[in-house]
Protein chains: 2
Amino acid sequence: MPFNAESALRANPPAPAQPWKGFPKYNFVGGHNDAASIPAIELAASVTSILGREGRDLATYGLQSGPQGYRPFREAIASMLNRRAGMKENQSSILVTSGSLQALSLIFDLFLDPGDVVFLEKACYGGTLSRLRARSVEYIGVELDEEGMQADALDEAIKQVKSAGKRPKMIYTIPTVQNPTGRVMSEARRRHILAVAAEHNLPIFEDDCYADLIFSGGRPPAIRALDEDGRVVYCGSFSKSIGPAIRVGFIAADWPILSRLLPLKTDGGTGAIEQMALTEYVATKFDAHVASLNQTLKIKAEAMADAIDEYFGAAAEFEKPQSGIFLWLKLPGSVDTSRLFQIAGAEGVAINPGVEWSTVEAYGKKRLRLCFANPSVNEIREGISKLADICHREFGVPQRSANIQR
Amino acid sequence: MPFNAESALRANPPAPAQPWKGFPKYNFVGGHNDAASIPAIELAASVTSILGREGRDLATYGLQSGPQGYRPFREAIASMLNRRAGMKENQSSILVTSGSLQALSLIFDLFLDPGDVVFLEKACYGGTLSRLRARSVEYIGVELDEEGMQADALDEAIKQVKSAGKRPKMIYTIPTVQNPTGRVMSEARRRHILAVAAEHNLPIFEDDCYADLIFSGGRPPAIRALDEDGRVVYCGSFSKSIGPAIRVGFIAADWPILSRLLPLKTDGGTGAIEQMALTEYVATKFDAHVASLNQTLKIKAEAMADAIDEYFGAAAEFEKPQSGIFLWLKLPGSVDTSRLFQIAGAEGVAINPGVEWSTVEAYGKKRLRLCFANPSVNEIREGISKLADICHREFGVPQRSANIQR
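Keep in mind the model is a prediction, meaning the values are calculated, not measured.

Enquirer: Sorry, what's going on with the overall build of chain A here?
Expert: Looking only at helices and strands, chain A has 15 helices and 14 strands in total. The C-alpha radius of gyration computed for chain A amounts to 22 Å, which stays within 12% of the reference 22 Å derived for 406 residues, consistent with globular compactness. Projected onto the principal axes, the alpha-carbon positions of chain A cover approximately 65 × 65 × 55 Å. Here chain A holds 406 residues, and 57% of them are scored as buried. A fraction of 73% describes how many contacts in chain A between residues 6 or more apart in sequence connect residues 24 or more apart.

Now the structure itself:
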């Protein structure tokens, strides 16, 4: 008799997955990157070089480097952070993770109990929000301005939570190329946020996954670079700067925190060959790669901004991206982007609906995130045109559809 | 003021890690493998070949294969399982995981609530037991005989749990090269266990991580190969057959279970380059590699058995390993192997204490697991001699110490 799996599962499992059908024709979601920029030959060379020299070390867990990750890779990461983000790391303050998603999970697991309150930007990475909800942790969205998360609003929110008798537990921020708004927090604001955290004795979780993607080059110092208290736990990733199929991220933190994170990482280590592919590449070629990638992304960002201007006209509100791989778009109130997500998805245009990236439903419902890094310039134009057609048909926005305007 | 991390953590975090000090001189723990058998050049060639052809696909999550893992790799795994273990898989029934440890976590997460009861072998992999305890799941150890887990004892244990008003929820077994006993379950016993599971309508979790390491070659069919109900969820790994620093395992299951596991795998996919390293290798060279590795392991197993005979004499009880990478050793009742673990560890001899690998403390306390795959034959002899010296000094066992016998 066929086994009835459903009756054997835990209480309230998530809904089953559907078989994967391939990527949509117009792929504007999920952190996908520019295919032509992938340094495949160089990554293979890094693997070959290290495996030729140290291949025998695959016979032990963690190579000869312990649970923090392959030591030469940690050295390359520390050097990169010090050079690019003004940090003061060395191999002992780095923990290599299986993507920054594992970093998120580990850090949340270490600090948060159900009922705790986390403060983050009002618009925020959906994977962070879903992980917090899964832990029954409450989150409060703080307003953003052009300098990033507002420090006074943060201070006020923490005080309110305290006076309501709840437990403020962590400030989570994406200060550099904020996801989804693209904002880059000013250095002054970083210092102000640090001061608020110190006043309330809270840790800061600085998620810096997109920080290498500022088109003009340069960036403010990391908040962790300005932190003299050991209050900031930092994470980064190579998903955005190299490619998301490579599942390698990292945490930088002082030992009192890192030593507490390590026992929670029960995966037997992050993949050795994945780390080897990046080690020599990050040490020698990363800066040039990122500079070139940023030029490509800038062209695609402009193509998307132009296409939205052309096909949506005044119906669309957005800031032209100066960094990152996405554009945060606001449409008129008649549009429900969660419905748009369903309808457009069925017609081959994949978007991230705003409610998944927002702490406030009414704010998110009018907004969507569009990733411009993976599609070609032509696909961007075609996809945005199609999206405008769908919006016109379903929501009457823009008032004249793209086909009519052409 | 320095941030006080301790006061900011969740309730009851695990104890902090100590900085890693390198591997012990005599490394008899943890699934480490034979360094000279690592096929480093061939793994690098597999990466180079695939990256040269499909490197652009690193720009998207999951390559062009969706969340189950790189499709050519899943095809290679299915073919290997069908060829070696009599299974009937194809790429759609395989989920690539970040080591078999992730497979354990996902499967336990899907099926188990706190208070559920899992049935497993009386001596069992410590990582399974710790994961179940962390979920507040109860486990019951079933007696083993020379054919593996006793089916009648299993049936009896399930009935007792039911009549106590508890929830039997899963049978977990390591039927092929059982960890730590090395037993290989007979085909008849596999069918009997399946029948017991069917009678009680329970799923079976078949953990087959060591199954390729039978020195004489050949193996009984997987329990999943004999299952016509879709009751068995299966996991395997390349940690033991290739090397543990490579973090790639896999699950084989029917779609009603696989589709439920996928939403729990929130890691953005298993590392692409790690999968690429194995894809061509597993498809073309795996069988020859494993045959050669088994010859090496057989020599080391004999060296360890001989050394124990020589240095412990009649004080040690064990079966000479015919498979796997470890030996399950029983010492007289005056020995407490948890204390031995501490003392020997401080003197450079690392062992796995039996209580961590047992469901019954009194049974485990007299036993230890020794892994013979990583040390050289000389290191095996020296380490076992040293372990005998320590046992003599601390516990009076063996009665005459190794130094005296020589």
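That was the structure; now back to the text.
Enquirer: Just checking my understanding: could you explain the sheet that holds strand β8 (residues 204-207) of chain B for this structure?
Expert: Residue and element names in this part refer to chain B. Across the sheet, which stays open at both edges, the 7 strands sit in the order β2-β10-β9-β8-β7-β3-β4 with mixed pairing between neighbours. Two strands bound the open sheet, and with one partner strand each, they are β2 (94-97) and β4 (138-142). Between one strand axis and the next, the sheet turns by 20° as a mean value, whatever way the strands run. As paired elements, β2 and strand β10 (residues 249-252) share 4 bridges and run antiparallel to each other.

Enquirer: Would you mind going over the sheet that holds strand β11 (residues 326-330) of chain B with me for this structure?
Expert: Pairing between the strands of a sheet comes from backbone hydrogen bonds, and it takes one of two forms, parallel or antiparallel. Residue and element names in this part refer to chain B. Sheet architecture is open: 3 strands sit in the order β11-β14-β13, paired in antiparallel fashion. In this open sheet, the two strands that pair with only one neighbour each are β11 and β13 (352-353). Bridge analysis of β13 against strand β14 (residues 367-371) gives 2 bridges, and the strand direction is antiparallel. Within β14, the position partnered with Asn352 by the bridge is Arg369.

Enquirer: Got a minute to help me understand the interface of chain A and chain B in this structure?
Expert: If you look at the interface, chain A gives 76 residues, while chain B gives 76 residues. Elements with a contribution of two residues or more to the side of chain A that touches chain B: α1 (5-8), α2 (40-54), α4 (99-111), α9 (255-261) and α10 (272-284) of chain A. Per element, the largest residue contribution to the side of chain A that touches chain B is 8 residues, and it comes from α2(A).

Enquirer: Quick question: what am I supposed to make of the relation of the copies chain A and chain B here?
Expert: Each of the two copies of the chain can be brought onto the other by a rotation about an axis and a shift along it. Of the transformation superimposing chain A on chain B, the axial component is 0.0 Å and the angular component is 180°, with the fit at an RMSD of 0.0 Å. Here the transformation between the copies is reduced to the relation of a two-fold axis. If distances are taken from each C-alpha of chain A to the rotation axis, the shortest is found for A:Glu274, at 2.7 Å. Comparing contact sets, 100% of the residues at the interface of chain A also lie at the interface in chain B, consistent with an isologous, same-surface contact.

Enquirer: How should I be thinking about the nonpolar core in this particular structure?
Expert: Inside soluble globular proteins, nonpolar side chains tend to come together where they are buried. Within the largest apolar cluster, 272 residues are counted, with the highest numbers of intra-cluster contacts made by A:Val47 and B:Val47. Broken down by element, the residue count for this core peaks at 11 residues, all from helix α10 (residues 286-312) of chain B. When near neighbours in sequence (up to four residues on either side) are disregarded, B:Val47 contacts A:Ala44, A:Val47, A:Ile273, B:Ile273, B:Met276 and B:Ala277.

Enquirer: Where do I start with the pairing of β10(B) in this structure?
Expert: Regular strands place side chains that alternate from one sheet face to the opposite one. Residue and element names in this part refer to chain B. Here β10 shows two buried faces, one formed by Gly249 and Ile251 and the other by Phe250 and Ala252. Inspection of the sheet shows strand β9 (residues 232-237) paired to β10 by 4 bridges, in the antiparallel sense. Counted as the bridge partner of Tyr234 is Ala252 from β10.

Enquirer: Any chance you could explain helix α3 (residues 99-111) of chain B here in plain terms?
Expert: Every α-helix winds through 3.6 residues per turn, so residues three or four apart in the chain are directed the same way. Here α3(B) spans 19 Å end to end across 13 residues, near enough to the 18 Å set by a 1.5 Å rise per residue. In terms of burial, α3(B) is a largely internal element, 12 of the 13 residues being buried.

Enquirer: When you look at the environment of A:Ser186 in this model, what are you seeing that I'm missing?
Expert: Residue and element names in this part refer to chain A. Along the polypeptide, Ser186 turns up in the loop between β7 (167-173) and α7 (187-199). On the neighbour-count criterion, Ser186 (15 C-beta atoms within 10 Å) is partly exposed. C-alpha of Ser186 to C-alpha of Glu147: the two residues are 39 residues apart in sequence and 5.3 Å apart in space. Ignoring sequence-local partners within four residues, the contact set of Ser186 consists of Glu147, Gly148 and Pro220.

Definitions and limits used
Residues numbered from 1 in each chain as written. Chains lettered and ligands numbered in written order. Predicted model: local features only at pLDDT ≥ 70, side-chain atom pairs only at ≥ 80, totals over all residues. Helix = DSSP H or I, 4+ residues; strand = E, 2+ residues; numbered from the N terminus. Rg over C-alpha atoms; globule rule 2.2 N^0.38 Å. Buried ≥ 20, exposed ≤ 12 C-beta atoms within 10 Å, placed from the backbone. Contact = placed C-beta atoms within 7 Å. Pairing = 2+ DSSP bridges. Axes fitted to C-alpha atoms, helices over the stretch in contact; angles between N-to-C directions. Least-squares fit on C-alpha atoms with pLDDT ≥ 70 in both. Core = buried A, V, L, I, M, F, W, Y, C linked by C-beta atoms within 7 Å. Expected span 1.5 Å × (residues − 1).

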